[in-house]
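Structural characterization, general
This is what each chain is made of:
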Amino acid sequence: MTSNTQMSEGTVAEYVTAVIGGQLFGLPISRVQDVFMPERLTRVPLASSEIAGVLNLRGRIVTVVNMRARLGLPKAADDQPPMAVGVDLRGESYGLLIDQIGEVLRLPDDGREENPVNLDPRMAKLAGGVHRLDGQLMVVLDVDRVLEIAPDMMAA
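Residues numbered from 1 in each chain as written. Predicted model: local features only at pLDDT ≥ 70, side-chain atom pairs only at ≥ 80, totals over all residues. Heavy atoms only, no water.

Bringing the layout of surface pockets into the picture now. Within this model, the largest pocket holds a volume of roughly 380 Å³. Lining the largest pocket are 15 residues, and of these Arg68, Lys75, Ala76, Pro82 and Asp99 sit closest to its centre. Taken together, the elements giving at least two residues each to the lining of the largest pocket come down to α1 (67–70) and β7 (92–98). Among the residues making up the lining of the largest pocket, the classes are represented as eight nonpolar, three polar and four charged. (1 Å grid on protein atoms, 1.4 Å probe; cavity = no way out; pocket = protein on both sides within 12 Å on 5 of 7 lines; lining within 4 Å. Points joined across faces, edges and corners; volume = space filled by probe spheres on them. Helix = DSSP H or I, 4+ residues; strand = E, 2+ residues; numbered from the N terminus. Nonpolar A, V, L, I, M, F, W, Y, C, P; charged D, E, K, R; others polar.)

Dropping the structure here:
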């Protein structure tokens, strides 16, 4: 690490970027446990379409949430295998099914803005703000809000 990587004005947040339905999202790096390609996904009978299934990841049972379904987006048209971002909530492991993983971005906290009023309502309810990048908007995913649905679904 060199000293010029630190912002002198304020703190810096790191995000793992992901693309879902052509939209760039950022997950706080502190919430990301791992990134993996889901294999041998087992469907859960009577589960919502937002639950893609469960899988065994290094001895842990992981509930996989289909982020396209969670955001109300159609299924991917291409046959590209999905990726998953592993997150944890209250000791339970989850995988968020995404289209593509990106890079880790270091962005100044003071560059984070509230959700714009014209942000798609499906994204707005899962977003914890946005960062305006060169030519695109990165929506910051609030992992807690994304997983709010899981306990209700799993109780069924």
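Strand order in this open sheet of six strands is β8-β1-β2-β11-β10-β9, and the pairing throughout is mixed. The two strands at the open ends of the sheet, each matched to only one other strand, are β8 (100–108) and β9 (112–113). (Pairing = 2+ DSSP bridges.)

Even without being a glycine, Arg40 presents a positive backbone phi close to 50°. As for its position among the elements, Arg40 is in the loop between β3 (32–36) and β4 (51–57). Its relative accessible area of 77% is what places Arg40 among the exposed residues. In this structure, Leu46 is a non-glycine residue whose phi angle is positive, near 65°. When you line up the elements, Leu46 lands in the loop between β3 and β4. Take Leu46: its relative accessible area is 84%, and that puts it in the exposed class. (Buried < 20%, exposed > 50% of the residue type's maximum accessible area, 1.4 Å probe, protein only.)

So yeah, pure geometry; function would need other evidence.
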